[in-house]
Amino acid sequence: MSRQDPDCIFCKIVSGQIPASVVYRNDQVMAFRDLNPVAPTHILIIPLEHITSLSDLSPEDEPIAGQILLAARTVAEKAGVLESGYRLVFNNGRDALQSVGHIHAHLIGGKGMGWPPFAGQSVGHG
Ligand code: AMP
Ligand code: ZN
């Protein structure tokens, strides 16, 4: 495995140092249940390699980026939300409240959702 960060909590999940409820894993990505779910289905999909955020993806990472999206479909099916629907969210950077610096897609479902995400807040423009 090339890129790993020994201080990264999700790298520790990849290596098995920290336990997780694993839903899916292949040679490039894995998916596990979020520790603090915000919906009946809340699963995180991560690359096995340490990449800090979407903004750090480079053209060579195209296979990994594709694997994350393909894994979402597989995970949705395993979680039973393929037909009912689900949302895939990448929090990227400060304004989006990214709290773990290892790319992760939140797969959320099992319950009807609202849109847009700023409902009830003043949005502002710029
Ligand atoms: P974000 O705020 O988008 O960076 O999302 C990070 C997510 O990781 C949060 O939803 C946390 O609940 C989740 N999380 C943090 N530590 C763990 C862990 N050890 N196992 C599973 N989920 C975790
Ligand atoms: Zn990491």
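The sections below set out a description of the structure shown in this document. (Residues numbered from 1 in each chain as written. Chains lettered and ligands numbered in written order. Predicted model: local features only at pLDDT ≥ 70, side-chain atom pairs only at ≥ 80, totals over all residues. Heavy atoms only, no water.)

What follows concerns the site of ligand 1. Contacts to ligand 1 come from 16 residues, most closely from D34, N91, S99, H104 and H106. Here an oxygen atom of ligand 1 and a backbone polar atom of V100 are 3.0 Å apart. Taken atom by atom, the bulk of ligand 1 overlaps the second largest pocket. Counting only elements with at least two residues in the shell around ligand 1, the list comes to α1 (9-15) and β2 (29-33). When residues in the shell around ligand 1 are grouped by element, the largest group, three residues, is from α1. Here the residues of the shell around ligand 1 are counted per class, giving eight nonpolar, six polar and two charged. (Near = heavy atom within 4 Å. Polar contact = N/O pair within 3.5 Å; in protein donor to acceptor, adjacent residues only side chain to side chain. 1 Å grid on protein atoms, 1.4 Å probe; cavity = no way out; pocket = protein on both sides within 12 Å on 5 of 7 lines; lining within 4 Å. Sits in = over half its atoms within 2 Å of the grid points. Helix = DSSP H or I, 4+ residues; strand = E, 2+ residues; numbered from the N terminus. Nonpolar A, V, L, I, M, F, W, Y, C, P; charged D, E, K, R; others polar.)

So, on to the pattern of salt bridges. In total, this model carries three salt bridges according to the counting rule given. Here R3 ties to E49 by a salt bridge, and the two come within 2.7 Å at their closest N and O atoms. With a gap of 46 residues between them, R3 in the segment before α1 and E49 in the loop between β3 (41-47) and α2 (62-79) connect regions that are remote in the sequence. R3 sits in the partly exposed class, given a relative accessible area of 33%. (Salt bridge = Lys/Arg side-chain N within 4 Å of Asp/Glu carboxyl O. Buried < 20%, exposed > 50% of the residue type's maximum accessible area, 1.4 Å probe, protein only.)

Protein ligation of the zinc ion (ligand 2) involves C8 (SG), C11 (SG), H50 (ND1) and H102 (ND1), the donor distances falling in the range 2.0 to 2.3 Å. If you look at the zinc ion (ligand 2), its four donor atoms make angles of 105 to 115° with each other, and the shape they trace is tetrahedral. (Donors = N, O, S within 2.8 Å, 3.2 Å for Na, K, Ca; no water. Tetrahedral: all angles 85-135°; square planar, octahedral: opposite > 155°, others 65-115°.)

One recurring pattern in soluble globular proteins is that nonpolar side chains are buried together. Ranked by internal contacts, the top residues of the largest apolar core, which has 17 residues, are Y24, A31, I45, I68, V75 and L107. Where this core is concerned, the elements lending two or more residues are β1 (22-25), β2, β3, α2 and β5 (105-109). No other element matches the six residues that α2 contributes to this core. Apart from the residues within four sequence positions on either side, L107 is in contact with T41, H42, I43, I45, A72, V75, A76, V81, Y86, R87 and L88. Core analysis: the second largest hydrophobic core is formed by 11 residues, C11, V14, M30 and I46 among them. (Core = buried A, V, L, I, M, F, W, Y, C linked by side-chain atoms within 4.5 Å. Contact = heavy atoms within 4.5 Å.)

So, on to the packing of aromatic side chains. A full pass over the atoms with the stated rule returns one aromatic pair. Measuring from ring centre to ring centre gives 5.4 Å for F10 and F32, while their planes differ by 75°; the resulting arrangement is edge-to-face. On the criterion of sequence distance, the pair formed by F10 in helix α1 and F32 in strand β2 is long-range, its members being 22 residues apart. Pair check on accessibility: F10 and F32 agree, each one buried. (Phe/Tyr/Trp six-rings, centres within 6.5 Å; stacked < 30°, edge-to-face > 60°.)

On to the sheet that holds β1, then. Spatially, five strands are ordered β1-β2-β3-β5-β4 in an open sheet, and the strand pairing comes out antiparallel. Among the strands making up the open sheet, the edge pair consists of β1 and β4 (86-89). Geometrically, the sheet is characterised by an average inter-axis angle of 20° between neighbouring strands, direction not taken into account. Bridge analysis of β3 against β5 gives five bridges, and the strand direction is antiparallel. Residue I43 lies in a different strand from β5, and its bridge partner there is L107. Packing of α2 onto the sheet brings it into contact with β1, β2, β3, β4 and β5, and relative to β3 it is tilted by some 155°. (Pairing = 2+ DSSP bridges. Axes fitted to C-alpha atoms, helices over the stretch in contact; angles between N-to-C directions.)

Scope: geometric values only; no functional claims are made or implied.
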